[in-house]
Amino acid sequence: MNDDAHETFETEATDFLRMETLEQFIIERQGSFPHSTGAFSRLLRDISVAGKIVNRDMRRAGLVDIAGATGEINVQGEVQQKMDALAHREFVRALKRGGECCLIGSEEHAEAIPIKANSGDGDGEYIVLLDPLDGSSNIEVNVSVGTIFSVYRLPDSSVPPSLDAALQAGIHQVAAGYIVYGSSTMLVYTTGQGVNGFTLEPSIGEFLLSHPNITTPATASSYSINEGNYNSFQRGLKEYIKWMQISDKESGRPYSTRYIGSFVSDFHRNLLKGGIYIYPATTKSPNGKLRLMYEANPLAYIVEQAGGRASDGVMRIMDKQPETLHQRTPLYIGSKDMVLMAEEFLSGNRLHTD
Ligand code: P6P
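Values in this document were obtained by computation on a predicted structure and should not be read as measured data.

A.B. asks: Account for the site of the ligand, with residues named and values stated.
C.D. replies: Around the ligand, the structure places D134, G135, N226, Y259, G261, S262, F263, Y277, Y279 and K289. Y279 places a side-chain nitrogen or oxygen 2.6 Å from an oxygen atom of the ligand. One of the side-chain nitrogen or oxygen atoms of K289 is found 3.0 Å away from an oxygen atom of the ligand. About the coverage of the ligand: the protein hides 81% of its 400 Å² of free accessible area.

Below you can see the structure in the form of structure tokens.
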């Protein structure tokens, strides 16, 4: 690296000190947050603290005994990874300690977890639903994974928080976000006023605003799906996939398949570059695999705020009225025109030869 380039690198390397931290960003926008009393700012801080701890432990997975399975089967009937349990514990601890949250719904816990206020404090007014560590089986092969969170307000603070209070349609979310533990660690969230991304600067332990006002391209030329399930896909989806694979220079087809097997990572790439992630109903997962409350809804909120779209192939994800905490849903999410195209094929109104 020549002297000029080195000097530029040095300047940029410390330029981050002039970048806005997550806490500064939240406080500056606190006034625009409905009924803001600073409680939401503190809630998001609590989530980011747990994310930093999970990030720290994740980066040592090959060195300390936190990779691999616990030997337990979680409520999903899936083998629980050690990092799943660790991440769940860290987020519950941070939310309990912060005092702004009155109820937690977690992929790693069968029932909703009421959070009693610290002595003398009023109960928290927020409900947090989360997947503490999605795609965790990828950790032992060093593939990026993520945390997903969804925030609701307690509808009626006069009654003890219950599961019913958590089972609100996605349109009632007051905030949603994810942390992707990738080549860098990023926290991306929305409160309904656009989508902003923050990159963790490890040397100072701060999330810094690196991706302001994220918008997602209306279309692109890649799609994310596990084509190993092709034979169990419904006809319209097979037609859509065949259409994407036809050579057509004008529309940039054939599209490329990009499927990491880690939803947050696939979603994050598609959010920034455009694309569609599809997890449909399959023989093994007749209602789809992704969970409505703490995977589909939060990322649907983000993608819509970024100009994209999220549906179950028929209806808008955020309009679905939940019945249970861990219910699953088919999911088509990403670039708006690509999701609309998928829905057109699924309706039977289009064939790949059209
Ligand atoms: P399959 C991880 O278990 C996950 O929930 C998502 O992160 C990922 O996109 C999907 O499942 C992968 O599922 O059936 O393709 O292995």
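A.B. asks: Talk me through the side chain of Q168; I want residue IDs and the actual numbers.
C.D. replies: Structurally, Q168 can be placed in the loop between α5 (163–166) and β7 (175–181). A distance of 3.2 Å separates a polar atom in the side chain of Q168 from the backbone oxygen of R153.

A.B. asks: Report on the packing of helix α6 (residues 235–245) against helix α9 (residues 336–346), specifying residues and quantitative values.
C.D. replies: In a packed pair of helices, the relevant descriptors are the angle between the two axes and the axis-to-axis distance. Two elements in contact, α6 and α9, have axes separated by 7 Å at closest approach and are oriented at 130°. In terms of axis orientation, α6 runs oblique to α9. The hand of the α6/α9 crossing is right-handed. For the pair formed by α6 and α9, the contact residues are G236, L237, E239, Y240 and W243 on the first element and M338, M341, A342, F345 and L346 on the second. Considered class by class, the residues forming the contact of α6 with α9 number 8 nonpolar, 1 polar and 1 charged.

A.B. asks: I'd like a rundown of the sheet that holds strand β12 (residues 256–257), residues and numbers included.
C.D. replies: In spatial order, the strands read β12-β11-β13-β15-β14; together these 5 strands make up an open sheet with mixed pairing. Taken across any chain shown, the strands that pair with only one partner, and hence form the sheet edges, are β12 and β14 (309–311). Pairing of strand β11 (residues 222–224) with strand β13 (residues 276–279), which is carried by 2 bridges, proceeds in the parallel orientation. Across the sheet, residue Y223 finds its bridge partner in β13, namely I276.

A.B. asks: Pulling in residues and values, what's your account of the pairing of β13?
C.D. replies: Remember that side chains alternate between the two faces of the sheet whenever the strand is regular. Here β13 shows no split at all, with I276 and I278 on one side and Y277 and Y279 on the other all buried. Of the strand pairs in this sheet, β13 and strand β15 (residues 331–334) are connected by 4 bridges, and their pairing is antiparallel. Looking at β15, one finds that Y277 is bridged to I333.

A.B. asks: Just give me the short version of the side chain of D46, but keep the residues and values in it.
C.D. replies: Inspection of the secondary structure assignment puts D46 in helix α3 (residues 39–58). Relative accessible area serves as the criterion here: at 6%, D46 is assigned to the buried category. The contact partners of D46, leaving out residues within four places of it in the chain, are A94, L95, G98 and E100.

A.B. asks: Describe unusual backbone geometry, with residues and values.
C.D. replies: Both trends apply: most residues other than glycine have a negative phi, and most peptide bonds are in trans. In this model, R253 is joined to P254 through a cis peptide bond whose omega is 5°. Among the structural elements, P254 can be located in the loop between α6 and β12. At N142, a residue that is not glycine, the phi angle is positive and equals roughly 60°. With respect to the element layout, N142 can be found in the loop between β5 (126–134) and β6 (145–153). Within the chain, N213 stands out as a residue other than glycine whose phi angle is a positive 50°. Turning to its location among the elements, N213 is positioned in the loop between β10 (206–211) and β11.

A.B. asks: Please set out the nonpolar core residue by residue, giving values where relevant.
C.D. replies: Formed by 41 residues in total, the largest nonpolar core has its most connected members in L43, L133, V151 and Y189. Considering every element that reaches this core, the biggest residue donor is α3, with 8 residues. Beyond its immediate stretch of four places on either side in the chain, L43 contacts L95, E100, C101, Y126, V128 and V151.

A.B. asks: Quick rundown of the pattern of salt bridges? Include the residues and the values.
C.D. replies: Across all of its chains, the model carries 17 salt bridges by this definition. In this structure, the salt-bridge partner of R253 is D248, at a minimum N-O distance of 3.7 Å. E343 is the partner of R309 in a salt bridge, and the nearest nitrogen-oxygen pair spans 2.9 Å. With R309 in strand β14 and E343 in helix α9, the pair connects residues that are 34 residues apart, well separated along the chain. Classification of E343 by relative accessible area gives buried; the value is 12%. In this structure, a network of salt bridges that share partners links the residues R56, D57 and R60.

A.B. asks: Break down the packing of aromatic side chains for me, citing the residues and quoting the values.
C.D. replies: Tallied over the full model, the rule gives 13 aromatic pairs. Judged by centre distance (6.0 Å) and plane angle (65°), the ring pair of Y230 and F233 falls under edge-to-face. Ring geometry for Y240 against W243: centres 6.3 Å apart, planes inclined by 15°, an arrangement best described as stacked. In this pair, Y240 and W243 both sit in helix α6, 3 residues apart, roughly one turn of the helix. For the pair Y240 and W243, one class covers both residues: buried. Put simply, the rings of Y178, Y259, F263, F267 and Y277 pair up and form one aromatic cluster.

Calculation notes
- Residues numbered from 1 in each chain as written.
- Predicted model: local features only at pLDDT ≥ 70, side-chain atom pairs only at ≥ 80, totals over all residues.
- Heavy atoms only, no water.
- Near = heavy atom within 4 Å.
- Polar contact = N/O pair within 3.5 Å; in protein donor to acceptor, adjacent residues only side chain to side chain.
- Areas by Shrake-Rupley, 256 points an atom, 1.4 Å probe, with all protein chains shown as cover.
- Helix = DSSP H or I, 4+ residues; strand = E, 2+ residues; numbered from the N terminus.
- Axes fitted to C-alpha atoms, helices over the stretch in contact; angles between N-to-C directions.
- Parallel < 35°, antiparallel > 145°, perpendicular 65-115°, else oblique.
- Left-handed = near helix turned anticlockwise from the far one by under 90°.
- Contact = heavy atoms within 4.5 Å.
- Nonpolar A, V, L, I, M, F, W, Y, C, P; charged D, E, K, R; others polar.
- Pairing = 2+ DSSP bridges.
- Buried < 20%, exposed > 50% of the residue type's maximum accessible area, 1.4 Å probe, protein only.
- Core = buried A, V, L, I, M, F, W, Y, C linked by side-chain atoms within 4.5 Å.
- Salt bridge = Lys/Arg side-chain N within 4 Å of Asp/Glu carboxyl O.
- Phe/Tyr/Trp six-rings, centres within 6.5 Å; stacked < 30°, edge-to-face > 60°.

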